[in-house]
Amino acid sequence: MMEEKKGGTSAGGVVLPFLLGFVAALAFGWWGVPQLLFSKKTQPLVFTHQNHIELYGMSCDDCHSFRRDGSFSGLPDNAKCAECHSFPMGDHPDEIKFVEEYYEKGIEVPWLVYQYQPDNVFFSHAAHREYDCATAGCHPDVGSSNELPVYYENRLTKYSRDTMKMKDCERCHATVAAQEPERFAGAPNACQTCHK
Amino acid sequence: MVLYLKEFKIKWGMVIDLDRCTGCGACMVACQAENNIAPPVDASNKRYSMTWLLVYQLSNKQPYPNHDVAYMPRPCLQCGKPNCVPVCPVIATDKNQEGGIVSQVNARCIGCRYCMAACPYHARYFNWQDPVWPEGMEKTLTPDVSTRPRGVVEKCLFCHHRYMYARDKARIEGRDPNALNEGDYIPACVEMCPTGAMVFGDLQNPEHKVHKLSKSPYAFRLLERLNTKPQVYYYSKREWVRKQGDNYLEHETVGGV
Ligand code: SF4
Ligand code: SF4
């Protein structure tokens, strides 16, 4: 009897520290490491996509357009914004800041881009323009949002946390394109399709 | 892995007229500038030199007045059965994209150099040193071509980024990116050749000049007997050039002509 009891308590005494350590390790891995790895940055100005789309009836490619050679002009520059905002239209402090601090001084707004591709990637927006950026899972859905998400910068690589991962590209290139080779001719999973 | 002849609907290829080539080396310079190849630290060190496209000199070895030379530019020949591909342990190089260009993904290469040993044309180059650009010259780098660090193998890709841009342009203009016109996509060396010795296009497309030229009896491929089926053809009316192109011995006659 006594021996059995002794055995029981010592087993509990051994397992508990392991459990605690395990939980602590998980917490550190899931919560702590990302805190350490990424620094938070906010965009230089407040911007609402929703207002532009819903109140003023603008469409995405009024500002994010293609050049004639097929390259993507990406974010609008000051000149584009100033087509409407060359003087403050309302009284939002950031709008006044845009006009006074950036437009009138001729300084481009240092917007943070969540999705710049890594250096060894060739990516063409022209080839993907028939897909919805948000539903295809490439960009965060800022189009219908009222505020811009926080920008997480990897402290080591300086890449944005939301930079597309290769598995996101392969989700379409490897699986979908393999199922419909005719429709996706030219979008195979070949390395050089995306890498340069 | 490619151990068999890979067929593509589009096969980008070159026909290089060796009777027109003057050996000026403009193609080499164009290639170097376009593809971010750093100037050599020590240009006298031939073992470490980087030239994706190299101009060789051929000679008929006859005494004057019968002496004759020819110049032969050699990019990667984008072989139909590339020897470099099956030996790569990490699939850094492959021939799997429409167009038939043998790819090389530098970021994936582990630098074992099996591909260099396998390529019969010496078309691959190993980075012995990290590239160094003289100050200010980094501004002339092509943004669409990765720079390669020390320890990886690189080679000519027919300026693949220009292919991608030609396709993009076609898309935006509402044309089929898989049916590019002749001249939509031209590698830097071909664009720069002052004598027009290099012709580029789709070997499978009868509307492209290369299609007809490659079928000429004066066209040949380098070391044809190795059966690597390159997508680069050479063209010469001089028999001794064609013979040297395939290492024919004195007593052999060139097939076909
Ligand atoms: S050197 Fe690079 S490309 Fe060549 S076989 Fe080795 S890993 Fe492949
Ligand atoms: S020329 Fe050499 S590197 Fe180019 S495809 Fe042929 S075997 Fe490979």
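Residues numbered from 1 in each chain as written. Chains lettered and ligands numbered in written order. Predicted model: local features only at pLDDT ≥ 70, side-chain atom pairs only at ≥ 80, totals over all residues. Heavy atoms only, no water.

## Focus on the pairing of strand S10 (residues 232-235) of chain B
Residues and elements named next belong to chain B.
Working step 1: Going residue by residue along S10, you find Val232 and Tyr234 tucked away on one face and Tyr233 and Tyr235 tucked away on the opposite face as well.
Working step 2: Bridging between strand S1 (residues 12-17) and S10 involves 4 bridges; their strand directions are parallel. Bridging across to S10, valine 15 finds its partner in tyrosine 233.
Working step 3: Direction of pairing for strand S9 (residues 219-220) relative to S10: antiparallel, over a ladder of 2 bridges. Following the sheet pairing, alanine 219 is matched in S10 by tyrosine 235. (Buried < 20%, exposed > 50% of the residue type's maximum accessible area, 1.4 Å probe, protein only. Helix = DSSP H or I, 4+ residues; strand = E, 2+ residues; numbered from the N terminus. Pairing = 2+ DSSP bridges.)

## Some remarks on the site of ligand 1
Working step 1: The environment of ligand 1 is formed by 13 residues, the closest being Cys88(B), Cys109(B), Cys112(B), Arg113(B) and Cys115(B).
Working step 2: Residues of the shell around ligand 1, tallied by class, amount to 10 nonpolar, 2 polar and 1 charged. (Near = heavy atom within 4 Å. Nonpolar A, V, L, I, M, F, W, Y, C, P; charged D, E, K, R; others polar.)

## Re the sheet that holds strand S8 (residues 198-202) of chain B
Working step 1: Strands sit in the order S8-S1-S10-S9 (chain B) across an open sheet of 4 strands; the sheet is mixed. Looking at the sheet topology across the chains shown, the edges are occupied by S8 and S9 of chain B.

## Let's talk about the packing of aromatic side chains
Residue and element names in this part refer to chain B.
Working step 1: Applying the stated criterion across every chain, the model contains 15 aromatic pairs over all chains.
Working step 2: Centre to centre, the rings of tyrosine 48 and tryptophan 128 are 5.1 Å apart; their planes meet at 15°, and the pair counts as stacked. You can see tyrosine 48 sitting in the loop between helix H1 (26-34) and strand S2 (54-59) and its partner tryptophan 128 sitting in the loop between strand S6 (124-126) and strand S7 (153-155), a full 80 residues away along the chain.
Working step 3: With relative accessibility at 32%, the residue tryptophan 128 sits in the partly exposed group.
Working step 4: Ring-pair connections join several aromatic residues into one group, and the members of that group are Trp12, Phe158, Tyr163, Tyr185 and Phe200. (Phe/Tyr/Trp six-rings, centres within 6.5 Å; stacked < 30°, edge-to-face > 60°.)

## Description of the nonpolar core
Residue and element names in this part refer to chain B.
Working step 1: Ranked by size, the top nonpolar core spans 43 residues in total, and within it Trp12, Met14, Phe158, Tyr185, Met198 and Tyr234 carry the most contacts.
Working step 2: Elements that contribute at least two residues to this core include exactly S1, H1, strand S3 (69-74), helix H3 (160-172), helix H4 (188-192), S8, S10 and helix H6 (239-245).
Working step 3: When sequence neighbours within four positions are dropped, the list of residues in contact with tyrosine 234 reads Ile16, Leu18, Met72, Pro73, Arg74, Pro75, Leu77, Tyr218, Ala219, Phe220 and Leu222.
Working step 4: The next biggest cluster of nonpolar side chains, apart from the first, holds 10 residues, and it includes Cys88, Cys115, Val152 and Val153. (Core = buried A, V, L, I, M, F, W, Y, C linked by side-chain atoms within 4.5 Å. Contact = heavy atoms within 4.5 Å.)

## Examining helix H7 (residues 166-179) of chain A
Residue and element names in this part refer to chain A.
Working step 1: Over its 14 residues, H7 runs 19 Å from end to end, which matches the ideal 20 Å to within 8%, given 1.5 Å per residue.
Working step 2: Every buried residue of H7 is listed here: Asp168, His173 and Ala177. The buried side chains of H7 occupy one side of the element, clustering within an arc of 120° when seen end-on. Of the exposed residues in H7, those oriented more than 90 degrees away from the buried face are Met166, Lys167, Ala178 and Gln179.
Working step 3: Tucked into the core, H7 has its buried residues touching helix H6 (125-128) and helix H8 (191-194). (Expected span 1.5 Å × (residues − 1). Arc of directions from axis to C-beta.)

## Focus: unusual backbone geometry
All names here are of chain B.
Working step 1: Geometrically, the link from tyrosine 64 to proline 65 is a cis peptide bond, its omega value of 5° lying close to zero.
Working step 2: The backbone of glutamine 78 shows a phi angle near 50°, a positive value even though the residue is not glycine.
Working step 3: Mapped onto the fold, glutamine 78 is located in the loop between S3 and strand S4 (93-94).
Working step 4: Even without a glycine there, the phi angle at arginine 113 is positive, about 70°.
Working step 5: Checked against the element boundaries, arginine 113 lands in the loop between strand S5 (103-104) and helix H2 (114-118).

## Section: the confidence of the model for chain B
Working step 1: Within chain B, residue pLDDT values average 90, and 95% of them lie at 70 or more.
Working step 2: Scoring the predicted complex yields pTM 0.84 and, for the interface, ipTM 0.78. (pLDDT = per-residue confidence, 0-100.)

## What about the pattern of salt bridges?
Residues and elements named next belong to chain B.
Working step 1: Enumeration according to the criterion identifies 17 salt bridges over all chains in this entry.
Working step 2: Here aspartate 184 makes a salt bridge to arginine 175, at a shortest N to O gap of 2.8 Å.
Working step 3: Taking relative accessible area as the criterion, aspartate 184 reaches 29% and is therefore assigned partly exposed.
Working step 4: One connected set of salt bridges, linked through shared partners, spans Lys169, Glu173, Arg175 and Asp184. (Salt bridge = Lys/Arg side-chain N within 4 Å of Asp/Glu carboxyl O.)

## Let's talk about the side chain of Asp94(B)
Working step 1: Inspection of the secondary structure puts Asp94(B) in strand S4.
Working step 2: Among the polar contacts made by the side chain of Asp94(B), one reaches the side chain of Asn96(B) at a distance of 3.2 Å. (Polar contact = N/O pair within 3.5 Å; in protein donor to acceptor, adjacent residues only side chain to side chain.)

## Some thoughts on the interface of chain B and chain A
Working step 1: With 22 residues of chain B at the contact, the number on the chain A side is 21 residues.
Working step 2: Carbon and sulfur atoms make up 58% of the surface buried where chain B meets chain A, a total of about 1900 Å² over both sides.
Working step 3: Taken together, the links from chain B to chain A amount to 0 salt bridges.
Working step 4: Our enumeration of links across chain B and chain A arrives at 4 residue pairs in polar contact (both at pLDDT 80 or more).
Working step 5: Mapped by element, the contributors of at least two residues to the side of chain B that touches chain A are S5 and H3 of chain B.
Working step 6: By residue number, the principal contributor to the side of chain B that touches chain A is H3(B), which donates 8 residues. (Buried area = accessible area lost by both parts, 1.4 Å probe.)

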